[in-house]
Amino acid sequence: GQAAVAITNARYHQDVLAKQKLERDLQIAKTVQESFLPQDLPKKKGFQFGACYQAAQEVGGDFYDFIDLSEDQVGILIGDVSGKGVPAALFMARLMSDIRFMSLTEDDPAEILTKVNDMLVKRSRRGMFVTLAFLLLDTHKGRMTYSSAGHLPPLMMKANGRVHRLDSE
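Residues numbered from 1 in each chain as written. Predicted model: local features only at pLDDT ≥ 70, side-chain atom pairs only at ≥ 80, totals over all residues. Heavy atoms only, no water.

> Any chance you could break down a nonpolar patch on the surface for me, citing the residues and the numbers?
On the surface, a cluster of nonpolar side chains totalling about 340 Å² of accessible area is made up of Leu155, Met157 and Val163. A relative accessible area of 48% means that Val163 is categorised as partly exposed. (Patch = residues over 30% accessible without salt bridge, like charges linked within 9 Å, V, L, I, M, F, W, Y side chains within 5 Å. Areas by Shrake-Rupley, 256 points an atom, 1.4 Å probe, with all protein chains shown as cover. Salt bridge = Lys/Arg side-chain N within 4 Å of Asp/Glu carboxyl O. Buried < 20%, exposed > 50% of the residue type's maximum accessible area, 1.4 Å probe, protein only.)

> Before we move on, can you summarise the confidence of the model for the chain with the specific residues and values?
On average, residues of the chain score 85 in pLDDT, and 94% of them are at 70 or above. Confidence, read as mean pLDDT per element, is least for strand β5 (residues 155-157) in the chain (82) and greatest for strand β3 (residues 130-138) (92). (pLDDT = per-residue confidence, 0-100. Helix = DSSP H or I, 4+ residues; strand = E, 2+ residues; numbered from the N terminus.)

> If you had to explain the packing of aromatic side chains to someone new, which residues and values would you point to?
Counted according to the given criterion, the structure contains two aromatic pairs. Note on Tyr64 and Phe66: the rings are 6.0 Å apart at their centroids and 70° apart in plane angle, and the pair reads as edge-to-face. The class for Phe66 is buried, based on a relative accessible area of 11%. Taken together, Phe49, Tyr64 and Phe66 form an aromatic cluster joined through their ring pairs. (Phe/Tyr/Trp six-rings, centres within 6.5 Å; stacked < 30°, edge-to-face > 60°.)

> Lay out the sheet that holds strand β2 (residues 73-81) in plain terms, naming residues and giving numbers.
In space, the four strands of this open sheet follow the order β1-β2-β3-β4, with antiparallel pairing throughout. Single-partner strands in this sheet number two, and they are β1 (62-68) and β4 (143-149). Taken over all neighbouring pairs, the strand axes of this sheet differ in orientation by 10° on average, direction set aside. Summarising the sheet, β2 and β3 pair through nine bridges and their orientation is antiparallel. Bridge assignment links Val74 to a residue of β3, and that residue is Leu137. On top of the sheet, helix α3 (residues 109-123) reaches β3 and β4; it is set at about 25° to β4, its chief contact. (Pairing = 2+ DSSP bridges. Axes fitted to C-alpha atoms, helices over the stretch in contact; angles between N-to-C directions. Contact = heavy atoms within 4.5 Å.)

> Before we move on, could you go through the packing of helix α1 (residues 2-36) against helix α2 (residues 86-105) and cite the residues and values that matter?
Two elements in contact, α1 and α2, have axes separated by 8 Å at closest approach and are oriented at 15°. Here α1 lies roughly parallel to α2, going by the angle between them. As α1 runs across α2, the sense of the crossing is left-handed. Contacts between α1 and α2 involve Asp25, Ile28, Ala29, Val32, Gln33 and Phe36 on the former and, on the latter, Val86, Ala89, Leu90, Met92, Ala93 and Met96. Here the residues of the contact of α1 with α2 are counted per class, giving ten nonpolar, one polar and one charged. (Parallel < 35°, antiparallel > 145°, perpendicular 65-115°, else oblique. Left-handed = near helix turned anticlockwise from the far one by under 90°. Nonpolar A, V, L, I, M, F, W, Y, C, P; charged D, E, K, R; others polar.)

> Residues and numbers for the side chain of Thr131, please.
Within the secondary structure, Thr131 is located in strand β3. There is a polar contact of 2.7 Å between the side chain of Thr131 and the side chain of His151. Residue contacts for Thr131: discarding those within four places in its chain leaves Ile78, Gly79, Asp80, Ala149, Gly150 and His151. (Polar contact = N/O pair within 3.5 Å; in protein donor to acceptor, adjacent residues only side chain to side chain.)

> With reference to specific residues and values, describe the environment of Leu120.
For Leu120, the location among the structural elements is in helix α3. Judged by its relative accessible area of 10%, Leu120 falls in the buried class. Along the primary structure Leu120 and Leu95 are separated by 25 residues, whereas in three dimensions their C-alpha atoms are 8.1 Å apart. Excluding residues within four positions of it along the chain, Leu120 makes contact with Phe91, Leu95 and Val130.

Structure follows, in structure tokens:
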């Protein structure tokens, strides 16, 4: 009887330790993920930006970014990495870096997503993938160019308060 109690206690202890490790890993992933989300919104004459991020669980795969490309141009990135935890957070961080780099050499959102996709395919591990929407806003021309890589269409609120799905215009 004492041996059975000792074995049960040992298994319970192992389960508690495993749960604590998972909680630490998720907290690290959350910290990494939040550190890559923008701390400030762009300031462009005639435009107002807003963003809100709230993960459904400890760590989500959703992310966004604003890429200040010039005085008149800002890139807007919205995406969702498959999975969660540290691997997904690191995948997201690398992806955001790739998009930022490619945005400096390309000015067409579709071309940016195509090139980044080619890079991801070459180094993807564990079946991870991402959906993305990339918008390039030219505030001087009042023009937005948009491309999607499997992501749900973004919503845009106009000055009159009306909300539009970008794929429906």
